[in-house]
Amino acid sequence: MDKNKIIEQTAEFARKNLANESTGHDWWHTYRVWKMSLRIANEEKDADLFVVQLATLLHDIADWKFNKGDEFVGSKLAREWLEKLQLDENIISHVCEIIKEVSFMGEAEKSKIKTKEGMIVQDADRLDALGAIGIARAFAFGGHRGNPIYDPSIKPVKNKTAEQYKQMDEPSINHFYEKLLLLKDLMNTKTGKKIAEGRHKTMEKFLEDFFKEWEVEG
Ligand code: ADP
Ligand code: NI
């Protein structure tokens, strides 16, 4: 089967899988990450676009957050799909490794992403957690979990471990300090870093306005 056809079918598989998702992980998140990964890959050069696209399309088809903390559920489902398409084992294992390692798991946990393709997918995914869209997704996610928007008596926790990060019960504003504002300095690619800087400023301005309004000064 030709590569374009495989990408098309994989996009369709992901779209069906992610329909009706309301936590910020819907198909349109995957769609934006897919487009962003191509934008980064075109500027960074020499990345295998086939692997990049398969990994972005499949990176969120199943999530540990909604599967009793099983961190491997996404890569297992992706493998089943890619084996059905009879792809080479080295492509399958590369794509599945990216899916396994792409997630942010707390400030104290080091990312294990190794390949250029993985770095591009991770940057594209992280960029969708930043800026105006990132703000919308944080509150959609927090609302879905039943978390408050903000509670001045609950302070953000520095350097969370994976175990702490997995609790996900903090006010959504704290998530900016525990993850979103840290991402700019964790970008892998030059292009990703440049885009992250603009989106970072959008979040800083939002937080400044938020706290002014909270104090009824804005
Ligand atoms: P991604 O799809 O980028 O891998 P996640 O799966 O970690 O991101 O989370 C999906 C979205 O929900 C992201 O925009 C993320 O910032 C947001 N999110 C994750 N955990 C929380 C939380 N505890 N509170 C608020 N938003 C969160
Ligand atoms: Ni994602």
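These numbers were taken from a predicted model, which means no experiment stands behind them.

Reading guide: rules and limits
Residues numbered from 1 in each chain as written. Chains lettered and ligands numbered in written order. Predicted model: local features only at pLDDT ≥ 70, side-chain atom pairs only at ≥ 80, totals over all residues. Heavy atoms only, no water. Phe/Tyr/Trp six-rings, centres within 6.5 Å; stacked < 30°, edge-to-face > 60°. Helix = DSSP H or I, 4+ residues; strand = E, 2+ residues; numbered from the N terminus. Buried < 20%, exposed > 50% of the residue type's maximum accessible area, 1.4 Å probe, protein only. Contact = heavy atoms within 4.5 Å. Donors = N, O, S within 2.8 Å, 3.2 Å for Na, K, Ca; no water. Axes fitted to C-alpha atoms, helices over the stretch in contact; angles between N-to-C directions. Parallel < 35°, antiparallel > 145°, perpendicular 65-115°, else oblique. Nonpolar A, V, L, I, M, F, W, Y, C, P; charged D, E, K, R; others polar.

What the rule picks out here adds up to 14 aromatic pairs. Ring geometry for Phe 13 versus Trp 81: centroids 4.2 Å apart, planes at 0°, classification stacked. Of the two residues, Phe 13 is situated in helix 1 (residues 3–18) and Trp 81 in helix 4 (residues 73–84); the sequence distance between them amounts to 68 residues. Connected via pairs of aromatic rings, a cluster forms that spans Phe 139, Tyr 150, Phe 176, Phe 206, Phe 210, Phe 211 and Trp 214.

Tracing the sequence through the fold places Ala 108 in the loop between helix 5 (89–101) and helix 6 (116–127). Residue Ala 108 is classed as partly exposed on the basis of its relative accessible area of 39%. Sequence separation of Ala 108 and Lys 190 is 82 residues, and the distance between their C-alpha atoms is 23 Å. When sequence neighbours within four positions are dropped, the list of residues in contact with Ala 108 reads Asn 159, Lys 160 and Thr 161.

This part is about the coordination of the nickel ion (ligand 2). Taken together, His 29 (NE2), His 59 (NE2), Asp 60 (OD) and Asp 125 (OD) make up the full set of protein donors to the nickel ion (ligand 2), lying 2.1 to 2.2 Å away. Mapped onto the sequence, the residues coordinating the nickel ion (ligand 2) show the spacing H-x29-H-D-x64-D. Asp 60 shares its class with His 59; the two are buried.

Close contact between helix 1 and helix 2 (residues 27–44) brings their axes to 8 Å; oriented N to C, the two are set at 150°. One way to sum up the angle between helix 1 and helix 2 is to call them roughly antiparallel. On helix 2, the residues touching Ile 7, Ala 11, Ala 14, Arg 15 and Leu 18 of helix 1 are Trp 27, Thr 30 and Trp 34. Among the residues making up the contact of helix 1 with helix 2, the classes are represented as six nonpolar, one polar and one charged.

Take unusual backbone geometry next. Of note in the backbone geometry, Asp 46 takes a positive phi value of approximately 60° without being a glycine. Here Asp 46 shows up in the loop between helix 2 and helix 3 (49–58). Overall, Asp 46 belongs to the exposed group, its relative accessible area being 74%. Notably, Asn 159 is not glycine yet its phi reads approximately 55°, a positive angle. You can see Asn 159 is positioned in the loop between helix 7 (131–145) and helix 8 (162–165).

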